[in-house]
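Per-entry structural report
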Amino acid sequence: MAETTVLRQRTRQERPAPPRKGGLPAGLLRTARPRQWIKNVLVVAAPAAAGELFSRHALIRLALVFVLFTACAAAVYLVNDARDADADRAHPTKRHRPVAAGQVPVPVAYAVGGTLGLLAPAAAAWLCGPAVAALLTAYLGMQLAYCISLKHVLVVDLAVVTTGFLMRAMVGGLALGIPLSRWFLITTGFGALFMVSAKRYSEAVQMAGKAGATRALLTEYTTGYLRFVWQLAAGVAVLGYCLWAMEEGGVPHTSVLPWRQLSMVAFILAILRYAVFADRGTAGEPEDVVLRDRALALIGVVWVAMYGLAVANW
C-alpha cells in the first residue's frame, strides 16, 4: 500500500501540469517573472545616493536602463526555464511553470530569451553608451554561466547572485556618468550578500528534515555556515555604511543637523530588524519581508527621509 501511494505521488509529480489560460503571451510574461522586476529598482541607487535623481534627463535615462535590465533578467529566466524544463516537470511546484507545463514550448522560450539577450545590450550601446552595454553583457554572461554550472559550485553561487544585485546598483551610475564611491559599492555588495545568504538560510531551515530541496546546493550548505555568512555580511555592510556616512559627514555643510551621520541609526535598525526574520528562518522571500513588516517599512521611510535631507543639504 505504501509503495502504491509513493508511486502515485511520483506519477503526479512527473505528469506535466495543465497549461494555464491566457495562451503563449501570458505564459511568456509569467516566465519573465514580473514579481521579480522590483529588484531592478536598484538602478536608481547610485543616482539617488549622489543626489542626481530628479532631473528630467536622469529620470528618462533611468527608466530606459530599468527596461533594459528587466529585458536581460527576463532573457535569463526564459533560458533557465527552457533548460530545466524536464527537471521542473518532476517538481511539485515548478511543474506549474509555463515552460514545464507546456504553455510555452521550449524552442520558443530559447528563441525569445536569446532575442532579448541580444537586443538589450545592443540597445544599451546605442542609447546609453558602451559602459552600460558592457555591464549588461557581463550580467548576461554571468547569469547564463550560473544557470549552466555555477549554481552547482559552493560559495560561488552566493557570489554570483550577490554580484547580480551589485550590478543593478551600479548601472544607474554608469548610465549617468556618476562616479561610484568605494563605500557605496562595499555597502551595497555586502548588503546584498546579507539578504541572499539570509534567504538561503531560511530555505535551509524550512527544508530541514524534508526531501526535495529547491536549490541544487541547499543540502550541501549547513545552516550554521549560512548563519555565519549572513552575520558576517551584515557586519561588513554596517561598517561600510558607517564609514561612508562619517566620511561624507566630514564635508562642510549648511544643513540643520548632520543627517547623513544620523542616518546610520536608521540603517543599523533596519539591518537588525531584518535579522529577526533571518534568524527565525522566515526571510525566504525578501520582498515579502520588506513590504509586509510595518516596523521595517517605517524604519526604511525614516532612513530615506534622513538620507534625502542629507543629499539636499537641508
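These notes cover the structure that comes with them. Bear in mind that the values here come from a model prediction, so they are computed numbers and not experimental data. (Residues numbered from 1 in each chain as written. Predicted model: local features only at pLDDT ≥ 70, side-chain atom pairs only at ≥ 80, totals over all residues. Heavy atoms only, no water.)

**Overview of the side chain of Asp 293**
The topology assignment puts Asp 293 in the loop between α13 (286-292) and α14 (294-312). You can call Asp 293 buried: its relative accessible area is 11%. Of the polar contacts made by the side chain of Asp 293, one reaches the side chain of Arg 273; its length is 2.8 Å. Apart from residues no more than four positions distant in its own chain, Asp 293 is found in contact with Arg 273, Phe 277 and Asp 288. (Helix = DSSP H or I, 4+ residues; strand = E, 2+ residues; numbered from the N terminus. Buried < 20%, exposed > 50% of the residue type's maximum accessible area, 1.4 Å probe, protein only. Polar contact = N/O pair within 3.5 Å; in protein donor to acceptor, adjacent residues only side chain to side chain. Contact = heavy atoms within 4.5 Å.)

**A few points about the pattern of salt bridges**
Going through the model one piece at a time under the given rule, you end up with twelve salt bridges. The partner of Lys 199 in a salt bridge is Glu 203, with the nearest N and O atoms 3.7 Å apart. You can see Lys 199 and its partner Glu 203 sitting in helix α10 (residues 182-207), four residues apart, about one turn around the helix. On the basis of relative accessibility, which here comes to 16%, the residue Lys 199 falls in the buried class. Put simply, Glu 285 and Lys 199 hold a salt bridge, and the shortest N to O gap is 4.0 Å. (Salt bridge = Lys/Arg side-chain N within 4 Å of Asp/Glu carboxyl O.)

**A few points about the nonpolar core**
Counting residues in each nonpolar core, the largest one holds 36 residues, and the members touching the most others are Phe 194, Trp 230, Tyr 241, Trp 244, Tyr 274 and Ala 283. Broken down by secondary-structure element, the contributors of at least two residues to this core are α3 (45-50), α9 (156-176), α10, α11 (223-249), α12 (259-280) and α14. For this core, the element with the highest residue contribution is α11, accounting for ten residues. Of all hydrophobic cores here, the second largest spans 26 residues; its members include Leu 68, Cys 72, Val 132 and Leu 140. (Core = buried A, V, L, I, M, F, W, Y, C linked by side-chain atoms within 4.5 Å.)

**Comments concerning the environment of Ile 268**
Locating Ile 268 in the fold gives a position in helix α12. Those residues in contact with Ile 268 that lie beyond four places of it in its chain are Val 238 and Cys 242.

**Considerations on the packing of helix α4 (residues 56-83) against α9**
Describing two packed helices takes the angle between their axes plus the distance from one axis to the other. The geometry of α4 relative to α9 is characterised by a closest axis approach of 9 Å and an angle of 145° between their N-to-C directions. For the pair α4 and α9, the crossing hand works out as right-handed. For the pair formed by α4 and α9, the contact residues are His 57, Ala 58, Arg 61, Leu 62, Val 65, Phe 69 and Ala 73 on the first element and Gly 164, Met 167, Arg 168, Val 171, Gly 172, Ala 175 and Leu 176 on the second. Class assignment for the residues of the contact of α4 with α9 results in nine nonpolar, three polar and two charged. (Axes fitted to C-alpha atoms, helices over the stretch in contact; angles between N-to-C directions. Left-handed = near helix turned anticlockwise from the far one by under 90°. Nonpolar A, V, L, I, M, F, W, Y, C, P; charged D, E, K, R; others polar.)

Keep in mind these values describe shape, not function.
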